Structures are given as structure tokens and as C-alpha cells.
Amino acid sequence: MSAEPDRTPRHTISEVAVASGLTAHTLRWYERIGLLDPIDRTYSGQRRYSDADLSRLGFLNRLRLTGMPVADMLRYVELVRAGEHTRADRRDILLDHREEVRQKISDLHATLAVLDHKIDLYSRLYESDLGDLGDRGGAPEPGDVSRQNHQTDQNDRKKQSA
């Protein structure tokens with residue numbers, strides 16, 4: 001395993017917001033509900049995050065990206081705080097969630113196949129339509145333009161008389 005991340009408070013909330021992709025509001029909320037340990041403060045009350053906080057946020061972001069509910073994330077963090085004897089419970093949470101993620105991936109693959117099929121269908125139809133235009137040189141036949149103009153004139157006259 002790698003060394004523990006540095007716990008020296010050094011990063012401002014705006015720096016952490018940029019680094020994590022979370023808003024300052026979300027960071028404060030994560031602290032308030034307990035996803036983050038209480039954040040160190042400067043003498044003037046400004047939050048200072050450590051590399052360890054950034055590491056936890058990175059993991060939490062991954063869990064959120066996979067669709068893990070905040071309640072499950074909170075349960076996981078509570079187990080971490082409870083100590084090493086909770087490793088099996090933490091593993092179980094991750095195993096259960098991994099199965100949910102695999103199912104979502106499977107569903108997304110099936111959905112992607114449907115999209116690919118439809119795109120292929122529309123591409124073939126579009127190419128067929130272009131081929132039909134190509135038979136006429138891509139330009140309207142001379143009679144088509146005069147018929148369209150005649151129809152437009154008739155429609156305009158009907159509107160004026162109404």
C-alpha cells in the first residue's frame with residue numbers, strides 16, 4: 001500500500017473546489033453531513049484542507065460518478081471512522097455497489113447498441129436520399145421550380161382573398 005496522504009492543512013476551499021470539481025457549497029455540505037472530517041481552520045476561520053481531504057474527495061467523487069447514493073457513501077465513511085474491524089463491512093458495501101455498477105454498464109451497452117442500430121439505419125436512409133438527388137445531379141428539375149413557384153403564387157392569392 002502507498003503511504004498515507006499528508007494531513008497538513010494547506011489548501012483553501014477555492015483551491016479544493018477547482019481540484020475536486022465540487023462547489024464550495026458542496027464541500028461545506030460534505031463536511032456538515034460527515035462525509036469529510038471536520039476541516040481545519042485558520043485563526044480567522046477560513047477552511048484549510050489537507051492532501052488527505054483531497055484524497056477522500058477523489059474517492060467520494062468516484063463513488064458519486066458510479067451513482068452511489070450519499071447515504072451509502074456516508075455509511076462507508078462511518079465504517080472507516082469506526083476502525084479496522086469494519087474492513088469486511090466496507091468491502092461488502094463496495095462489492096454490492098460494484099454489482100450495481102456492472103449492471104448499469106451492461107444496460108448502457110445494450111442502450112448503445114440500440115443507438116448504433118438507429119444511427120446506422122438513419123445513415124443508410126440519408127445516403128439513399130443523397131443518392132436519389134445525385135440521380136438528378138443534385139439540382140431540382142426545371143419544371144419542379146416553376147411548379148413550386150406556381151403553387152406559392154396560388155397560396156398567396158388564397159390568403160389575400162380570405
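Remember, predicted model here, so these are calculated numbers, not experimental data.

Visitor: An account of helix H2 (residues 24-33) is needed here, citing residue identities and associated values.
Guide: Among all positions in H2, only Leu27, Tyr30 and Glu31 are buried. For H2, the buried positions fall inside an angular range of 95° around the axis, keeping them on one side. The exposed residues of H2 that point more than 90 degrees off its buried face are His25 and Arg32. Where H2 is buried, its residues touch helix H1 (13-20), strand E1 (40-41), strand E2 (47-48), helix H3 (51-65) and helix H4 (70-82). One or two positions beyond H2, positive phi appears at Gly34, with a value near 100°.

Visitor: Mind laying out the packing of H3 against H4, listing which residues take part and the relevant values?
Guide: A pair of packed helices is characterised by two quantities: the angle between their axes and the separation of those axes. Running from N to C, H3 and H4 point in directions that differ by 145°, and their axes come no closer than 10 Å. Seen along the crossing, H3 lies across H4 with a hand that is right-handed. Two secondary-structure elements touch here, H3 through Arg56, Phe59, Leu60, Leu63 and Arg64 and H4 through Val70, Met73, Tyr76, Val77, Val80 and Arg81.

Visitor: Describe the pattern of salt bridges, listing the residues and the values that go with them.
Guide: Counted under the stated rule, the structure contains seven salt bridges. Note that Asp51 is salt-bridged to Arg10, the shortest N-O span being 3.3 Å. Placement of Asp51 in helix H3 and of Arg10 in the segment before H1 is noted, with a sequence separation of 41 residues between them. Under the relative-accessibility criterion, Asp51 is labelled partly exposed at 26%. For Arg10, a relative accessible area of 39% corresponds to the partly exposed category. Between Asp37 and Arg81 there is a salt bridge, with the nearest N and O atoms lying 2.7 Å from each other. You can see Asp37 sitting in the loop between H2 and E1 and its partner Arg81 sitting in helix H4, a full 44 residues away along the chain. Exposure remark for Arg81: the relative accessible area of 40% places this residue in the partly exposed category. Residues joined in a network through salt bridges with shared partners are Asp6, Arg10 and Asp51.

Visitor: Run through the nonpolar core, naming residues and quoting values.
Guide: Counting residues in hydrophobic clusters, the biggest one holds 21 residues, and the most contacted among them are Leu27, Tyr30, Leu35, Tyr49, Leu57, Leu60 and Met73. Mapped onto this core, the elements with two or more residues apiece are H1, H2, H3 and H4. Top element by residues in this core is H4. It accounts for six residues. With residues near it in sequence (within four places) discarded, Leu35 still touches Tyr30, Arg56, Leu60, Val70, Met73, Leu74, Val77 and Arg81.

Visitor: Could you give an account of the packing of H1 against H2, naming the residues involved and the relevant values?
Guide: The geometry of H1 relative to H2 is characterised by a closest axis approach of 9 Å and an angle of 100° between their N-to-C directions. With respect to each other, H1 and H2 are oriented roughly perpendicular. Residues Ile13, Val16, Ala17 and Ser20 of H1 form the contact with H2, whose own contacting residues are Ala24, Leu27 and Arg28. Here the contact of H1 with H2 is composed, by residue class, of five nonpolar, one polar and one charged.

Visitor: Please set out the packing of aromatic side chains residue by residue, giving values where relevant.
Guide: Per the stated rule, a full pass over the model turns up two aromatic pairs. An angle of 45° between the planes, with centres 5.8 Å apart, marks the rings of Trp29 and Tyr30 as tilted.

About the cut-offs
- One numbering rule holds for all chains: residues counted from 1, following each sequence as written.
- Reporting of local features is limited, given that this is a predicted model, to residues whose pLDDT is at least 70; pairs of side-chain atoms are given and counted only at 80 or more, and all residues count toward the totals for whole chains, interfaces and linings.
- Excluding hydrogens and water, the side-chain figures rest on all heavy atoms present in the structure.
- Exposure is judged per residue with a 1.4 Å probe applied to protein chains only, and the accessible area is read against the type maximum: over 50% gives exposed, under 20% gives buried, and values in between give partly exposed.
- Strands are runs of DSSP state E lasting at least two residues, helices are runs of H or I lasting at least four, and both sets are numbered from the N terminus onward.
- Within this analysis, the arc is defined by the directions that extend from the helix axis to the C-beta atoms.
- We call two residues in contact when some of their heavy atoms are within 4.5 Å.
- Interaxial angles span 0 to 180 degrees and are taken between N-to-C directions of axes, which are lines fitted to C-alpha atoms, for helices over the stretch in contact.
- If you view the pair so one helix is near and one far, a crossing is left-handed when the near helix is turned anticlockwise from the far one by less than a right angle, and right-handed when it is turned clockwise.
- The rule for a salt bridge is simple: a side-chain nitrogen of Lys or Arg has to be within 4 Å of a carboxyl oxygen of Asp or Glu.
- For this analysis, a nonpolar core means a set of buried residues of the types Ala, Val, Leu, Ile, Met, Phe, Trp, Tyr and Cys, connected via side-chain atoms within 4.5 Å.
- Angles below 35 degrees are treated as roughly parallel, those above 145 as roughly antiparallel, those between 65 and 115 as roughly perpendicular, and all remaining angles as oblique.
- All amino acids are sorted into three groups, where Ala, Val, Leu, Ile, Met, Phe, Trp, Tyr, Cys and Pro are nonpolar, Asp, Glu, Lys and Arg are charged, and the leftover types, Gly among them, are polar.
- Side-chain rings of Phe, Tyr and Trp, where Trp is taken by its six-membered ring, are said to pair if the distance between their centres is within 6.5 Å; with planes under 30 degrees apart they count as stacked, over 60 as edge-to-face, and otherwise as tilted.

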